[in-house]
Amino acid sequence: YSREGLASWYGPAFHGRRTANGEVFDRHSISAAHPTMPLPSYARVTNTANGRSMIVRVNDRGPFHANRLIDVS
């Protein structure tokens, strides 16, 4: 699975709330939300402007903003 598009960022309003797989969301950790990937799973997210990438753990559903592929924290 490979897609290119925009990502959203989780803000402080979600800190301490439960994720879709029951974990408590910690905005200081690295995690992500995706609409269809299995929970939990891992995804490599790359900034196409500078080529930097990181692996994120997908533990929630989202994003809920139009035209966004993934939410990251």
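Computed from a prediction, not measured in an experiment: that's the story for all the values here.

Novice: Give a detailed account of the packing of aromatic side chains, specifying residues and quantitative values.
Specialist: Describing an aromatic ring pair means giving the distance of the ring centres and the angle of the ring planes. A complete count under the given rule lists two aromatic pairs for this structure. For the pair Y10 and F14, a centre-to-centre distance of 5.6 Å together with 85 degrees between the ring planes defines the contact as edge-to-face. On the accessibility criterion, Y10 (6% relative accessible area) is buried. F14 gets classed as partly exposed once you look at its relative accessible area, which sits at 39%.

Novice: Lay out the pattern of salt bridges with the relevant residues and their values.
Specialist: Counted according to the given criterion, the structure contains one salt bridge. Put simply, R57 and E23 hold a salt bridge, and the shortest N to O gap is 2.6 Å. With R57 in strand 4 (residues 53-60) and E23 in the loop between strand 1 (6-9) and strand 2 (31-33), the pair connects residues that are 34 residues apart, well separated along the chain. Judged by its relative accessible area of 23%, R57 is partly exposed.

Novice: Outline the sheet that holds strand 2, supporting the account with residue identities and numerical values.
Specialist: Overall, mixed pairing links the five strands, which are arranged 1-5-2-4-3 in an open sheet. The open sheet is flanked by strand 1 and strand 3 (41-46), the only strands paired with a single partner. Each strand of the sheet is rotated relative to its neighbour by a mean of 40 degrees, with strand direction disregarded. Direction of pairing for strand 3 relative to strand 4: antiparallel, over a ladder of six bridges. Bridge pairing in strand 4 links V45 to M54.

So, how was this worked out
Residues numbered from 1 in each chain as written. Predicted model: local features only at pLDDT ≥ 70, side-chain atom pairs only at ≥ 80, totals over all residues. Heavy atoms only, no water. Phe/Tyr/Trp six-rings, centres within 6.5 Å; stacked < 30°, edge-to-face > 60°. Buried < 20%, exposed > 50% of the residue type's maximum accessible area, 1.4 Å probe, protein only. Salt bridge = Lys/Arg side-chain N within 4 Å of Asp/Glu carboxyl O. Helix = DSSP H or I, 4+ residues; strand = E, 2+ residues; numbered from the N terminus. Pairing = 2+ DSSP bridges. Axes fitted to C-alpha atoms, helices over the stretch in contact; angles between N-to-C directions.

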